[in-house]
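Chain by chain, the residues:
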Amino acid sequence: MPESTTKWLLLILTSCLAFSFVLSANKPLTRKTYIVQMDRSAMPEQFIDQVQWYSSKVQSVLSESKTSDSVDNEERIVYSYQTAFHGVAAKLSEEEAQRLEQEDGVLAVFQDTVYQLHTTRSPMFLRLEPETSTTAWSPNVASHDVIVGVLDTGIWPESASFNDTGMLPVPVHWKGTCETGRGFEKHHCNRKIVGARVFYKGYEAASGVINEHDEYKSPRDQDGHGTHTAATVAGSKVHGANLLGYAYGTARGMAPGARIAAYKVCWTGGCFSSDILSAVDKAVADGVNVLSISLGGGVSSYNRDSLSIAAFGATEKGVFVSCSAGNGGPDPASLTNVSPWITTVGASTLDRDFPATVKLGTSRVVKGVSLYKGRRNLSTERQYPLVYMGSNSSSLDQSTLCLEGTLNPRTVAGKIVICDRGISPRVQKGQVVKDAGGVGMILANTAANGEELVADCHLLPTVAVGEKEGKLIKQYAISSRNSSASLRFLGTRLRIKPSPVVAAFSSRGPNFLSLEILKPDVVAPGVNILAAWTGDMGPSSLSTDRRRVNFNILSGTSMSCPHVSGVAALIKAKHPDWSPAAIKSALMTTAYVHDNTHSPIIDASTGAPSSPYEHGAGHINPQRALDPGLVYDISAQEYYEFLCTQNLTPSQLKAFSNRSCHHSLASPGDLNYPAISVVFPDNTSVSVLTIHRTVTNVGPAVSKYHVAVSLFKGATVRVEPETLSFTRKHQKLSYKVTFISKIRQSMPEFGGLLWKDGVHKVRSPIAITWFTPL
């Protein structure tokens, strides 16, 4: 290469590098929101309070050009946390976050994460009705003193479900407030909605300023999800509740006498952990007794899960925390919110259904479900042309999924269109069909959904069918040139059998974070649940839906979680001295595992009996939970002792508390949990495992319990002692369970351990797992 050419190349390269350096020097550092957890016990004496110290720590690591700018430091702090969690949320560059993590007194720094929402007949099905003065669930029970904090999308205060007529004054222990903003004033709080707060700083730091024309920057619920969950927890009685005539009856929450405190943490772009943390922190300081959190964000190690840490802090202060398990089923190990101090709730069906049928041109009638009711009714006296855009009944593409812009109006106009589930929302597929000129839709399940049917409030006549029937209909549409169908909607049907059934979408175990902690804990109604709705959104939640309803029907573990939260509020009202662990134990040990045909509860995804990986301890039984006989109590220190078995460093343990490890648990399985899960390691020399439990008598002072335990193929189980004799109330007695491996099984085995005194049945599910040697 000529020398002059080489010089020119070097000059150009040098100039480009210099220009790039100037640009990077002038380019502002990218900042993200980080949650900074602090060791409050390490605060130096010269600081007046924790917030001042937290601010100083953040100030100390800011980039040099900013360290003297106190205004910038003020803008960097998003939240400070002081009750259930200790530290701040701050806007930092990656380099600043790394420097801060090395500072004394800083326990952990982790990036803000996005959580997602896990999107009447229930009281009757749960035997909470009828309410008479002689029942355990009488309005005379002082549930009005119990306050449930609902972390969600806010609340629609005008709903009749939040009417406070006849309610007593707000309890004196309540320290919360009613924050105002667009569409939400002080008068929107009352004796039912005792508090309302809004949290958006973390969301705005990540997504930009909220457009107040599109969203309420206030506790008002535009989405509807929060109103629905709050009403399920503690909605007042509303006679004549229905969705367009479906599910007509009296709607009420699980604990209609309890109060609601709404904490709005979710926006159109999701729910950010920094906002959720602040809400938990405020809720505990405000004085809630129960926290209902129908959202999740995956599974992290205990010390890296900010919600888990905050929930530990809430539990430590006596607050019961209920969270949804997630909608990741039927995939195994799809659970979220698996910490042992959280009550993790899966979803099941009610004994109510909304049947609809498809009558094919062959005269064959296929059963399905629907909540459609509108002016675009199809005649049941005639057949309509049927079309499926696929080349066979199994292959999926954009047109078979009825995604936007994929349907040709020339092909579908005037016809009933078959659409496969997947990718886009179910109701949105109907909008696509409608826009293309279709007159109706058959929504077919795929292998991912199996035979489980979820009813939706569609915008055009639609029937949802299972995978097997869907394939049959699609094959008919493909093979017959003159295929046709008609749709019929049959309203509401009650006393469906079998029920309950575990929902296919409900997330499943095992809990790989800690196999010794069996999750989910329980299942509760979460399919086709009727509850209050926002006045700002149609029942389909589509922007094109101009219908407005007072009640809506939704499905998801988001709906099952508030059922448990509400029942927990009832138990707390009856037993105000019970710890969160005692309430959880009452819910778990009284749960049932047989349906209304007296057969084992079915898993909708397989049609086979479900296991504790699907249903946990079983389906909640509120009446029995009020009087469980015995409870497995767990103190905050005992939860901490569990953490001491999880290979966490001293610094990581400090994320939860400044407690010390007493090493009182020989293994994680020795935590006094109401469920039992034993894990034989791949070391085949380990053939005997023993776990210990302690029960507290909350029934009659003098009582005697006898044990019964399932038989297992792979292990022998021995319980010592086999009888527990109590002489006083609140007496504690211990027992041990020894598992002797006989034949290692390739799959887990399930069963149960039952203590019974002739009145009470205190049941713990059992899971035995064998790891295969490598």
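Keep in mind it's a predicted model, so treat the numbers as computed, not measured.

**Structural notes on the sheet that holds strand β31 (residues 630–631)**
Part 1 of the reasoning: Spatially, four strands are ordered β31-β33-β37-β35 in an open sheet, and the strand pairing comes out antiparallel. The outermost strands of the open sheet, each flanked by one partner alone, are β31 and β35 (715–720).
Part 2 of the reasoning: Relative to strand β37 (residues 732–741), strand β33 (residues 688–697) runs antiparallel, the two sharing nine bridges. From the neighbouring strand, Val688 faces β37, where its bridge partner is Ile740.

**Some details on the pairing of strand β2 (residues 77–81)**
Part 1 of the reasoning: Note: β2 against strand β3 (residues 87–92), four bridges, orientation antiparallel. Its bridge partner being in β3, Tyr81 is matched across the sheet by Gly87.
Part 2 of the reasoning: Between β2 and β3, which pair antiparallel one after the other, the connecting turn spans five residues.

**A word on the packing of aromatic side chains**
Part 1 of the reasoning: Summed over the entire model, instances satisfying the criterion amount to 20 aromatic pairs.
Part 2 of the reasoning: With 5.9 Å between their ring centres and 40° between their planes, Trp53 and Tyr54 make a pair best called tilted. Summarising the burial analysis for this pair, Trp53 and Tyr54 share the class buried.
Part 3 of the reasoning: Judged by centre distance (5.0 Å) and plane angle (65°), the rings of Tyr735 and Trp755 are edge-to-face. Taken together, the positions of Tyr735 in strand β37 and Trp755 in strand β38 (residues 749–756) put the pair 20 residues apart, joining distant regions of the chain.
Part 4 of the reasoning: One cation-aromatic arrangement involves Arg220 over Trp156; the distance from NZ or CZ to the ring centre is 4.4 Å.
Part 5 of the reasoning: One Lys or Arg, Arg220, reaches over the ring of Tyr216 and ends 6.0 Å from the middle of that ring.

**Quick notes on the side chain of Asp275**
Part 1 of the reasoning: Relative to the helices and strands, Asp275 is located in helix α8 (residues 273–286).
Part 2 of the reasoning: Aside from chain neighbours lying at most four places away, what touches Asp275 is Tyr79, Phe199, Tyr200, Lys201, Gly202, Tyr203 and Val265.

**A few points about the nonpolar core**
Part 1 of the reasoning: Counting residues in each nonpolar core, the largest one holds 140 residues, and the members touching the most others are Val280, Leu291, Trp341 and Leu643.
Part 2 of the reasoning: Ranked by residue count, the leading element in this core is helix α13 (residues 557–574), at eight residues.
Part 3 of the reasoning: Sequence-distant contacts of Leu643, defined by excluding residues within four places in its chain, comprise Tyr302, Phe312, Trp341, Leu648, Leu653 and Phe656.
Part 4 of the reasoning: Formed by 24 residues, the second largest nonpolar core is a distinct cluster that contains Ala715, Phe726, Trp755 and Trp770.

**Concerning helix α2 (residues 50–60)**
Part 1 of the reasoning: When α2 is considered as a whole, its buried residues turn out to be Trp53, Tyr54, Ser55, Lys57, Val58 and Gln59.
Part 2 of the reasoning: Where α2 starts, the residue carrying a side-chain oxygen 3.3 Å from the main-chain nitrogen of Val51 turns out to be Asp49.

**Quick look at unusual backbone geometry**
Part 1 of the reasoning: Cis peptide bonds are those with omega within 30 degrees of zero, and the linkage from Ser499 to Pro500 qualifies with -5°.
Part 2 of the reasoning: Relative to the helices and strands, Pro500 resides in the loop between β25 (493–494) and β26 (501–502).
Part 3 of the reasoning: Here the phi dihedral of Ile423 falls at roughly 70°; this positive angle occurs in a residue that is not glycine.
Part 4 of the reasoning: Positioned with a positive phi, His598 is a non-glycine residue whose angle comes to about 70°.
Part 5 of the reasoning: Among the secondary structure elements, His598 is positioned in the loop between α14 (580–589) and β30 (602–603).

**Some remarks on the sheet that holds strand β1 (residues 32–38)**
Part 1 of the reasoning: One open sheet accounts for four strands, arranged β2-β3-β1-β4; its pairing is antiparallel. If you trace the sheet from one side to the other, it starts and ends with β2 and β4 (106–111), each paired once. Sheet twist, expressed as the mean angle between neighbouring strand axes with direction ignored, is 20°.
Part 2 of the reasoning: Taken together, the five bridges between β1 and β4 define a ladder with antiparallel strand orientation. Across the sheet, Met38 pairs through a bridge with Val106, a residue of β4.
Part 3 of the reasoning: Packed onto the sheet, α2 meets β1, β2 and β3 and runs at close to 30° relative to β3.

**Re helix α12 (residues 467–479)**
Part 1 of the reasoning: Relative to the 18 Å expected for 13 residues at 1.5 Å per residue, α12 spans 18 Å between its end C-alpha atoms, a close match to the ideal helical length.
Part 2 of the reasoning: Every buried residue of α12 is accounted for by Glu467, Gly470, Ile473, Lys474, Tyr476 and Ala477.

**Here's the deal with the packing of helix α7 (residues 225–234) against α13**
Part 1 of the reasoning: Look at α7 against α13: their axes get within 7 Å of each other, and the N-to-C directions meet at 30°. As for the relative orientation of α7 and α13, their crossing is right-handed in sense. Here His225, His228, Thr229, Thr232 and Val233 of α7 come into contact with α13, specifically with Ser558, Met559, Pro562, His563, Ser565 and Gly566.
Part 2 of the reasoning: Considering only residue class, the contact of α7 with α13 consists of three nonpolar, eight polar and no charged.

**Some remarks on the pattern of salt bridges**
Part 1 of the reasoning: The tally for this structure, following the rule as stated, stands at 19 salt bridges.
Part 2 of the reasoning: In this structure, the salt-bridge partner of Asp286 is Arg197, at a minimum N-O distance of 2.9 Å. Residue Asp286 is found in helix α8, and its partner Arg197 is found in strand β7 (residues 193–198); the two are separated by 89 residues along the sequence. In this structure, Asp286 and Arg197 share a single accessibility class: buried.
Part 3 of the reasoning: A salt bridge links Glu720 to Lys736; the shortest N-O distance between them is 4.0 Å. Of this pair, Glu720 sits in strand β35 while Lys736 is found in strand β37, placing the two residues 16 residues apart along the sequence.
Part 4 of the reasoning: You can call Lys736 partly exposed: its relative accessible area is 33%.
Part 5 of the reasoning: The network of salt bridges with shared partners includes Glu179, Arg197 and Asp286.

**Brief notes about the UniProt feature "active site" (unreviewed entry) in the protein**
Part 1 of the reasoning: With numbering matched to this structure, UniProt assigns "active site" (unreviewed entry) to Asp152, His225 and Ser558. Across 407 residues of sequence, these annotated residues stay compact in space, with a maximum C-alpha separation of 9.8 Å.
Part 2 of the reasoning: Asp152 sits in the buried class, given a relative accessible area of 1%.
Part 3 of the reasoning: Those residues in contact with Asp152 that lie beyond four places of it in its chain are Leu117, His225, Gly226, Thr229, Tyr263, Lys264, Val265, Cys266 and Ser294.
Part 4 of the reasoning: Structurally, Ser558 can be placed in helix α13.

**A look at the UniProt feature "domain: Subtilisin-like protease fibronectin type-III" (unreviewed entry) in the protein**
Part 1 of the reasoning: Following the UniProt record, one finds the feature "domain: Subtilisin-like protease fibronectin type-III" (unreviewed entry) at residues 670–768.
Part 2 of the reasoning: Helix makes up 0% of residues 670–768 and strand 59%. Its end C-alpha atoms lie 14 Å apart.

Conventions we followed
- Residues numbered from 1 in each chain as written.
- Predicted model: local features only at pLDDT ≥ 70, side-chain atom pairs only at ≥ 80, totals over all residues.
- Heavy atoms only, no water.
- Pairing = 2+ DSSP bridges.
- Helix = DSSP H or I, 4+ residues; strand = E, 2+ residues; numbered from the N terminus.
- Phe/Tyr/Trp six-rings, centres within 6.5 Å; stacked < 30°, edge-to-face > 60°.
- Buried < 20%, exposed > 50% of the residue type's maximum accessible area, 1.4 Å probe, protein only.
- Lys NZ or Arg CZ within 6 Å of the ring centre and 35° of its normal.
- Contact = heavy atoms within 4.5 Å.
- Core = buried A, V, L, I, M, F, W, Y, C linked by side-chain atoms within 4.5 Å.
- Polar contact = N/O pair within 3.5 Å; in protein donor to acceptor, adjacent residues only side chain to side chain.
- Axes fitted to C-alpha atoms, helices over the stretch in contact; angles between N-to-C directions.
- Expected span 1.5 Å × (residues − 1).
- Left-handed = near helix turned anticlockwise from the far one by under 90°.
- Nonpolar A, V, L, I, M, F, W, Y, C, P; charged D, E, K, R; others polar.
- Salt bridge = Lys/Arg side-chain N within 4 Å of Asp/Glu carboxyl O.
- UniProt positions renumbered as here; feature names shortened; annotations may be inferred.

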